[in-house]
Each structure stands twice: as structure tokens, then as C-alpha cells.
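Next come the chains, spelled out residue by residue.
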Amino acid sequence: MPRRFVIQKHDASSLHYDFRLEVDGVLRSWAVPKGPSADPRQKRLAVEVEDHRLEYENFEGVIDGRYGAGAVIVWDQGTYRNLDQGRSMAETIEAGHVKVWLEGAKLTGGWTLQRTSGGEKPQWLLIKRRDDQADARRNPQSTQPESVRSGRTIEQVATDQGGREQRK
Ligand code: MN
């Protein structure tokens, strides 16, 4: 059964991409300052952050609370599967080595998340796996900045006075 993933672009005190995977009924989450790369040579820092509720995967708008004030758009969204045959997703996260195949609107293919340090805010690296979806020339953060749900950019959401509710 495929599970959901979402990547939300979040213009908080510093712009980042929140990479979230549905695991056991919640969204396990990492903040990725530069966003995911399609180039296997680009290792992207991913800081593990708080779990979010599943419903949050569709959120677009402006937040002012504990997760960092600023505009949020759904930058990519879809399903994923665990590429680790022997372990559950929860087990791979616990072990600090996650392998997933994403089927999104912008991103497809395999990515690895490798934990590099522990503590209160564990740091990981998010790295494109070497498969036929790897493409060093693609830079979807700059060529496809808009929301996959509403078509809006994060600047449009930020300046939209009604931005707390996502438009249908
Ligand atoms: Mn965030």
C-alpha cells in the first residue's frame, strides 16, 4: 500500500523545504534548507524536526506559530515506497538509514536519508540515488517553484490576505 509524502516550501526566518513521509499515521519530517536535488553528487542537509499530523500534507497558507512564521506551499506531493526489503520505515529511521522511492509531480526516483549526527535535532543528508531518474541538469526548485496544488508561488501566498485557506 503506497503511503503519502509531501514537500512543503516554507518561507520562515530562513527559507527551507519540509520533507515529510507518512509513517505509522504521522508525517515524519525533515527541514531541508536547499531542498532535494536530482543530482546524486549533491548531498543536502536535512534536519529532523517535529512530526506533523497527516492532514497537514495539504496545508497552504501563512502560519504564525511554533513551527516558524511565514508562508507555506505544497511544493511537491505524491506517494512513496520503502526500498528497504528487510525493515519497516520506523526501523529504518531508527537505524539512521532510509531508502525511499518517490512518485511525486516533480520528483520521482530513489532518495537516501543518512543520519550523520544525533542529539535533540538530528542531522541527516538527503541524497538522490543513482537510478534512471537521476539528472544533474535538473533544478526543480528554480524551474518549478509553484505549488502542485494551487499553482501559486510562495510570494503569492505570502501577499494573499486570505492565505490561511487554500483555494479550491
Ligand atoms: Mn518548516
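Everything discussed here concerns the structure shown above.
A quick note: this is a predicted structure, and the numbers were derived from the prediction, not measured. Throughout, a residue's number is its position along its own chain's written sequence, starting from 1. Confidence filtering applies because this is a predicted model: local features only for residues at pLDDT of at least 70, side-chain atom pairs given and counted only at 80 or more, and all residues used for totals across whole chains, interfaces and linings. The basis for every side-chain value is the complete set of heavy atoms in the structure, and neither hydrogens nor water enter the calculation.

Draft legend 1. Spotlight on the overall build of the chain. Numbered from the N terminus, helices here are DSSP runs of H or I no shorter than four residues, and strands are runs of E no shorter than two. Across its full length, the chain carries three helices and nine strands. Along the chain, helices and strands appear, N-terminal first, in the series β-β-β-β-β-β-α-β-β-β-α-α. For a compact globule of 168 residues, the expected C-alpha radius of gyration is about 15 Å, and the chain comes in at 15 Å, within 12% of that figure. With the C-alpha coordinates of the chain rotated into their principal frame, the extents come out at 50 × 35 × 30 Å. Only protein chains enter the accessibility calculation, which uses a 1.4 Å probe. A residue is then buried if its area is under 20% of the maximum for its type, exposed if over 50%, and partly exposed in between. Residue burial in the chain is summarised as follows: out of 168 residues, 48% are buried. The globule rule used here is 2.2 Å times the number of residues to the 0.38 power, and the radius of gyration it is set against is calculated over C-alpha atoms.

Draft legend 2. Here's a closer look at the pattern of salt bridges. The term salt bridge refers to a pairing of a side-chain nitrogen on Lys or Arg with a carboxyl oxygen on Asp or Glu at a separation within 4 Å. Using the criterion set out here, one finds 11 salt bridges in the structure. Here glutamate 57 makes a salt bridge to arginine 4, at a shortest N to O gap of 3.0 Å. A residue pair is termed long-range when its members are at least 10 positions apart, and glutamate 57 in the loop between β4 (44–53) and β5 (61–63) and arginine 4 in strand β1 (residues 3–11) qualify at 53 residues. Judged by relative accessible area, which is 10%, glutamate 57 ranks as buried. A single network of salt bridges, built from pairs that share partners, joins Arg28, Glu48 and Asp51.

Draft legend 3. The arrangement of the environment of aspartate 84 in detail. Relative to the assigned elements, aspartate 84 resides in the loop between β6 (70–82) and α1 (89–95). A sequence separation of 51 residues divides aspartate 84 from aspartate 135, and the C-alpha atoms of the two residues are 23 Å apart. Residue contacts are defined here by distance: any two heavy atoms, one from each residue, within 4.5 Å place the two residues in contact. Setting aside anything within four residues of it in sequence, one finds aspartate 84 in contact with Thr92 and Lys99. Polar contacts, as used here, are pairs of N or O atoms within 3.5 Å; protein pairs need one atom able to donate a hydrogen and one able to accept it. Residues neighboring in sequence count only if both atoms are side-chain atoms. Of the polar contacts made by the side chain of aspartate 84, one reaches the backbone nitrogen of glycine 86; its length is 2.9 Å.

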